[in-house]
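Residues per chain are reported as follows:
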Amino acid sequence: MSNQRNPFLTIVAAATGLMFAAPIAYLLLLSVAEQWTFPHLLPPRLSFGLWQTIWQREQGLAQSLLVSMMISVVVAVGSTAVGFLAARYVSYHRWRRGLLFLSYIPFAMSPVVLGACVHVIFLRLGLVGSSAGVIIAQLMFALGFAVIFFVS
């Protein structure tokens, strides 16, 4: 095999990356654009005035961002660590196929039925509206993904 890159694959990869980045770039541009009307291809002025207004008026925005970031990190690190250990256990277990099937249950169930069941349980445990409840709810899906990912 040659170490040279295929130019076609490079173009396809670049086009795919551009396709995914374009909506995000457009939304960021839209958030700093002022007086951007239809016939103009680019906005006449860019300003962070809207961002400043939001950060000044919304007092709890920074705290909400911090809580969201904390929840994301806890779910990501927790599901990766526990999912890796669980996948290792599942991989060498004699009931591997059955245990792996259990990992697919959160994705195979109807979201409405799963949500209703989890909501009743969370109500009884007092987890509704708490950070711990959000972490546990996200871990149900993230752990399944992690086990499925790490088993292979």
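A brief structural summary. Note that this is a predicted model, so its numbers are computed, not measured.

**Observations regarding the overall build of the protein chain**
- Assigned secondary structure in the protein chain consists of six helices and two strands.
- For the protein chain, the N- to C-terminal ordering of α and β elements is α-β-β-α-α-α-α-α.
- The globule rule puts the C-alpha radius of gyration for 152 residues at 15 Å, and the 23 Å found for the protein chain is more than 25% above it.
- Out of the 152 residues in the protein chain, the part that is buried amounts to 16%.

**Notes on helix H6 (residues 131-151)**
- Here H6 is 21 residues long and its end C-alpha atoms lie 29 Å apart, about the 30 Å a rise of 1.5 Å per residue gives.
- Of the residues making up H6, those classed as buried are Gly133, Ile135, Ala142, Gly144, Ala146, Val147 and Val151.
- Turning to H6, the residues buried within the fold contact helix H3 (61-91), helix H4 (96-108) and helix H5 (111-125).

**Points about the nonpolar core**
- Judged by nonpolar contacts, Ala87, Val90, Leu100, Val147 and Val151 together constitute the single largest core of five residues.
- When contributions to this core are tallied by element, the ones reaching two or more residues are H3 and H6.
- Among all residues touching valine 151, those that are not within four sequence positions of it are Ala87, Val90, Ser91, Arg96 and Leu100.

**Let's talk about the packing of H3 against H4**
- Contact geometry of H3 with H4 gives a least axis separation of 8 Å together with a crossing angle of 150°. Relative to H4, the element H3 lies roughly antiparallel. For the pair H3 and H4, contact is made by Tyr89, Val90 and Ser91 and by Arg96, Leu99 and Leu100, respectively.

**Details of the packing of aromatic side chains**
- Evaluated as defined, the whole model comprises six aromatic pairs.
- The interplanar angle of 55° and the centroid separation of 6.2 Å between the aromatic rings of tyrosine 26 and tryptophan 36 together place this pair among those described as tilted. Linking tyrosine 26 in helix H1 (residues 7-32) with tryptophan 36 in the loop between strand E1 (33-34) and strand E2 (45-46), this pair joins segments that are ten residues apart in sequence.
- Given a relative accessible area of 45%, tyrosine 26 falls into the partly exposed group.
- An aromatic cluster is present here, built from Phe84, Phe149 and Phe150 joined pairwise through their rings.

Cut-offs and rules
Residues numbered from 1 in each chain as written. Predicted model: local features only at pLDDT ≥ 70, side-chain atom pairs only at ≥ 80, totals over all residues. Heavy atoms only, no water. Helix = DSSP H or I, 4+ residues; strand = E, 2+ residues; numbered from the N terminus. Rg over C-alpha atoms; globule rule 2.2 N^0.38 Å. Buried < 20%, exposed > 50% of the residue type's maximum accessible area, 1.4 Å probe, protein only. Expected span 1.5 Å × (residues − 1). Contact = heavy atoms within 4.5 Å. Core = buried A, V, L, I, M, F, W, Y, C linked by side-chain atoms within 4.5 Å. Axes fitted to C-alpha atoms, helices over the stretch in contact; angles between N-to-C directions. Parallel < 35°, antiparallel > 145°, perpendicular 65-115°, else oblique. Phe/Tyr/Trp six-rings, centres within 6.5 Å; stacked < 30°, edge-to-face > 60°.

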